[in-house]
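# A look at the structure
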Amino acid sequence: MRRHTDNGRHDSEMKRTDTSNPDYFHKVVDCQWACPAHTDVPQYIRLIAQGRFDDAYILNRESNVFPGILGRVCDRPCESACRRVRIEDKPVAICRLKRVAADHRGDISDRLPKGADQSNGKKVALLGAGCASLTVANDLRPLGYEVTIFEAMNTAGGLMRTNIPQFRLPPEVLDEEIAYVIDMGVVLKLNHKINSMKALLDDGFDAVFVGTGAPRGKNLEIPGRYDSDNIVIGIEWLESVAFDHVDSIGKRVLIIGVGNTAMDCCRTSLRIGAENVKVIARKPRAFFKASAWELEDAEEEFVEILVNHSPKNFIIEDGKLVGMTFELMEYKVDDDGSIDRGTLIGEKIIPCDDVILAIGQENAFPWVERDIGIEFDEWECPIIDKTTMMCSRDGIFFGGDSAFGPKNIIWAVAHGHEAAISIHKYCQGESLSDRLPMGINLVSQKMGMHEWSFSNDYDPTSRRLMPHVDLKERFKKLDIEVELGFTAEQAISEVERCLNCDIQTVFVAKLCIECDACIDICPVNCLTITEIGDEADLRTRLSAPAENLDQALYVSDDLPQTGRVMVKDEDLCVHCSLCAERCPTGAWDMQKSTVLIPYASDEAAGGQALSMTQDSAVS
């Protein structure tokens, strides 16, 4: 039996949508919501279409810090969330458009954040000169913190430098964007490995950030593993190639594992002498960890990927590696997509000269003493608060792969931003958990009666193909960048595929006269005027059944004529503006939603930059 609330409505009814909550419109912008750093994707690619490359680069850098780097090697969580795949197979090439802004920008040095002239008296140590530590430095130096980065190697960049081959990420791109941070007045100590956390803490730093990555590759303990020098760990081997310690390999190479590191290993092998390269996967292709585009690039270079092969042993003859034995497996996948442990159906021997193990990475903290108040879990990883990034010992923070295991660069950047907020609050004696919330600004895009400040015509053009260096040319040198990048003209064509999900359809219930004009003109049947009800029931009574439970339904306040509600399925809406053009009373408007994300500078300013003002009333 349903209970009634004081206003006479059933308490199981859907609540009216609170669009003042920043998360509501943020979730509608699927690409920005999926990006760990919450980069304003639609806005920066519109700037690219307008030829405003400098503005696009600076907007991008506010959140992700490394547009040129990430425009080449990001894992692209934004693209897997892109709404474009709801109407065709391929998302907007968001990542490659990021590179366009970086490649075509002019001199933006005067627009970069500057280190403070005066010290605030607080000293912060950052361990590892990778993307997480550099992000922390980027956020803290303008606030007057004295920042010192300790790096074990002779150059900055961390795993971006050592694990990503030069044919994907040119050194000059790394050098330039790293220099933007170091030149803010960061003290960079190269060839300075930290061997004791306890000793570092005795040096008088007010806070310590650990961004040392996941530097240890997983081993494969099967017979024959230690009987040949031609069996190597993938990330260690890539590092040796990066620093010119290794410049050749055998003709027949096996790569064990099928993650992104494995893809870098197999493609690098081809550039230093391999002629036949096979990637060996224990499971079917649907369970690969490598990104789809990484697999495509490897297969374009004639790398063979073998599935359902489980390593059994290395074959050593007269002290020389000659092959591997694999167990051939067969798997069953249930209705939920889970895979069983597999059934052995045979064996196979594959000849080889070298084997590279790329089966995963893990953290390594032998230099962190276990008696200084830092708690570790069963996998010997520090226990870290996912909001504050601080471990169990006050004043010590972790981020990037060293915090939660191997992910990708954009996650490390997001960790760096959060850690910088925490470090600032810790050093200022403030509560780490009392953090500024996100804000939201809405600004109308109307320029005339039926004219908008954005391109709202649906463009049926397919995704642009990225130009590549010819296969005959790309193997001549290790540092020939394979992807050539989009031209400005190609970028404009690709930007037109964006559905402008950040231009929101904002509805004012009190202006609605229920004429149904918006419903009649909507091309995707995402609008319905109906009686209120519980969500499960309401989803079945819409113009088109709302089947995607991960996307919200917008439910308005009561309409003045009948007391019914306007419902919009955010999953179907393509932000075409037709409802706003057709509405005779202006109840619908197209408004740009800007999510205001707090950084350490906002915390230092007391949140003044995160204005919650909106261009118009929202209901």
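Residues numbered from 1 in each chain as written. Predicted model: local features only at pLDDT ≥ 70, side-chain atom pairs only at ≥ 80, totals over all residues. Heavy atoms only, no water.

The next thing to look at is the overall build of the chain. A count of helical and extended segments in the chain gives 22 helices and 23 strands. For 619 residues, the compact-globule formula gives about 25 Å, and the C-alpha radius of gyration of the chain, at 27 Å, lands near that figure. Reported as C-alpha extents along the three principal axes, the dimensions of the chain are approximately 90 × 65 × 55 Å. Burial status across the chain gives 54% buried among its 619 residues. Sequence-distant contacts, at least 24 apart, represent 72% of the contacts inside the chain between residues at least 6 apart. (Helix = DSSP H or I, 4+ residues; strand = E, 2+ residues; numbered from the N terminus. Rg over C-alpha atoms; globule rule 2.2 N^0.38 Å. Buried < 20%, exposed > 50% of the residue type's maximum accessible area, 1.4 Å probe, protein only. Contact = heavy atoms within 4.5 Å.)

Moving on, we come to the packing of helix H8 (residues 131-140) against helix H16 (residues 409-427). If you want to describe how two helices pack, look at the angle between their axes and the distance between the axes. Following both chains from N to C, one finds H8 and H16 inclined at 40 degrees, their axes separated by 7 Å at the closest point. One element, H8, and the other, H16, form an angle in the oblique class. For the element pair H8 and H16, the recorded crossing hand is right-handed. Residues Cys 131, Ala 132, Thr 135, Val 136, Asp 139 and Leu 140 of H8 form the contact with H16, whose participating residues are Ile 409, Ala 412, Val 413, Gly 416, His 417, Ala 419, Ala 420, Ile 423 and His 424. A per-class count over the contact of H8 with H16 returns 10 nonpolar, four polar and one charged. (Axes fitted to C-alpha atoms, helices over the stretch in contact; angles between N-to-C directions. Parallel < 35°, antiparallel > 145°, perpendicular 65-115°, else oblique. Left-handed = near helix turned anticlockwise from the far one by under 90°. Nonpolar A, V, L, I, M, F, W, Y, C, P; charged D, E, K, R; others polar.)

Looking now at the pattern of salt bridges. Scanning the model with the defined rule gives 42 salt bridges in all. Between Glu 481 and Arg 99 there is a salt bridge, with its nearest N and O atoms 3.3 Å apart. Taken as a pair, Glu 481 in the loop between helix H17 (471-474) and helix H18 (488-495) and Arg 99 in helix H7 (residues 94-104) lie far apart in primary sequence, 382 residues in all. Each member of the pair, Glu 481 as well as Arg 99, carries the same accessibility label: buried. With a shortest N-O distance of 3.5 Å, Lys 251 and Glu 275 are connected by a salt bridge. Within this pair, whereas Lys 251 is found in the loop between helix H12 (234-242) and strand S7 (252-256), its partner Glu 275 is found in the loop between helix H13 (260-271) and strand S8 (276-280), the two being separated by 24 residues in sequence. On the basis of relative accessibility, which here comes to 45%, the residue Lys 251 falls in the partly exposed class. (Salt bridge = Lys/Arg side-chain N within 4 Å of Asp/Glu carboxyl O.)

The next point concerns the domain arrangement of the chain. Each domain of the chain was delimited in the assignment, giving domain 1 (1-30 + 439-461 + 496-596), domain 2 (35-111 + 462-495), domain 3 (123-215 + 363-427) and domain 4 (217-359). Of note, the centres of domain 1 and domain 3, computed from C-alpha atoms alone, are 43 Å apart. (Domains from an automatic or database assignment.)

Of note, the phi angle at Asp 244 is positive, near 65 degrees, even though the residue is not glycine. Relative to the helices and strands, Asp 244 is located in the loop between H12 and S7. A residue is classified by how much of its surface remains accessible, and Asp 244, at 67% relative accessible area, is exposed. Positive phi outside glycine occurs at Ser 577, with the angle close to 80 degrees. Structurally, Ser 577 can be placed in the loop between strand S22 (565-569) and helix H21 (578-582).

Let's shift gears to a negative patch on the surface. Residues Asp 334, Asp 335, Asp 336 and Asp 340 make up a contiguous surface patch of negative charge. Looking at the element boundaries, Asp 336 is found in the loop between strand S11 (320-330) and strand S12 (343-351). Owing to a relative accessible area of 73%, Asp 336 belongs among the exposed residues under this scheme. (Patch = residues over 30% accessible without salt bridge, like charges linked within 9 Å, V, L, I, M, F, W, Y side chains within 5 Å. Areas by Shrake-Rupley, 256 points an atom, 1.4 Å probe, with all protein chains shown as cover. Lys, Arg positive; Asp, Glu negative; His and termini not counted. Charge placed at Lys NZ, Arg CZ, Asp CG, Glu CD.)

Spatially, S6-S13-S7-S8-S9 is the arrangement adopted by the five strands of the open sheet, whose pairing is parallel. Looking at the sheet topology across the chains shown, the edges are occupied by strand S6 (231-233) and strand S9 (304-306). Adjacent strand axes in the sheet meet at a mean angle of 20 degrees when their direction is disregarded. Across three bridges, S8 lies against S9 in parallel orientation. Residue pairing for S9: Ile 280 is matched across the bridge by Leu 306. Its contacts with the sheet put H12 on S6 and strand S13 (354-357), and the angle it makes with S6 is roughly 85 degrees. (Pairing = 2+ DSSP bridges.)

All right, on to H16 then. If you check H16, its first and last C-alpha atoms are 26 Å apart, about what 19 residues at 1.5 Å a residue would give, namely 27 Å. Burial of H16 is extensive: 16 of the 19 residues sit out of reach of the surface. A positive backbone phi angle near 70 degrees is found at Gly 429, which sits one or two residues after H16. (Expected span 1.5 Å × (residues − 1).)

Let us now look at the packing of aromatic side chains. Tallied over the entire structure, the rule returns eight aromatic pairs. Ring geometry for Tyr 24 and Phe 25: centres 5.4 Å apart, planes at 65 degrees, overall edge-to-face. This pair shows no difference in class: Tyr 24 is buried, exactly as Phe 25 is. Ring geometry for Phe 397 against Tyr 426: centres 6.1 Å apart, planes inclined by 75 degrees, an arrangement best described as edge-to-face. Pair noted here: Phe 397 is in strand S15 (residues 396-398) and Tyr 426 is in helix H16, with a separation of 29 residues, a long-range link. What links up through ring pairs into an aromatic cluster is the set Phe 365, Trp 367, Phe 376 and Phe 398. The positively charged end of Arg 76 is found above the aromatic ring belonging to Trp 293, 4.0 Å away from the centroid. Over the aromatic face of Phe 376 sits the side chain of Arg 370, whose NZ or CZ is 3.8 Å from the ring centroid. (Phe/Tyr/Trp six-rings, centres within 6.5 Å; stacked < 30°, edge-to-face > 60°. Lys NZ or Arg CZ within 6 Å of the ring centre and 35° of its normal.)

A separate point is the side chain of Ser 556. Tracing the chain through its elements places Ser 556 in the loop between strand S21 (553-555) and S22. In this structure the side chain of Ser 556 is engaged in a polar contact, spanning 2.9 Å, whose partner is the backbone nitrogen of Met 566. If sequence neighbours within four positions are ignored, Ser 556 has contacts with Arg 16, Phe 507, Ala 509, Val 565 and Met 566. (Polar contact = N/O pair within 3.5 Å; in protein donor to acceptor, adjacent residues only side chain to side chain.)

Moving on, we get to the environment of Asp 89. Looking at the secondary structure, you find Asp 89 in the loop between helix H6 (77-81) and H7. With 373 residues separating them along the chain, Asp 89 and Ser 462 place their C-alpha atoms 8.9 Å apart.

With respect to topology, three strands assemble into an open sheet ordered S20-S22-S21, the strand pairing being antiparallel. With one partner strand each, in any of the chains shown, strand S20 (527-530) and S21 form the two edges of the open sheet. Averaged over neighbouring strand pairs, the angle between their axes works out to 20 degrees when direction is ignored. Bridge count between S20 and S22: four bridges; the pairing is antiparallel. Bridge pairing in S22 links Thr 530 to Val 565.

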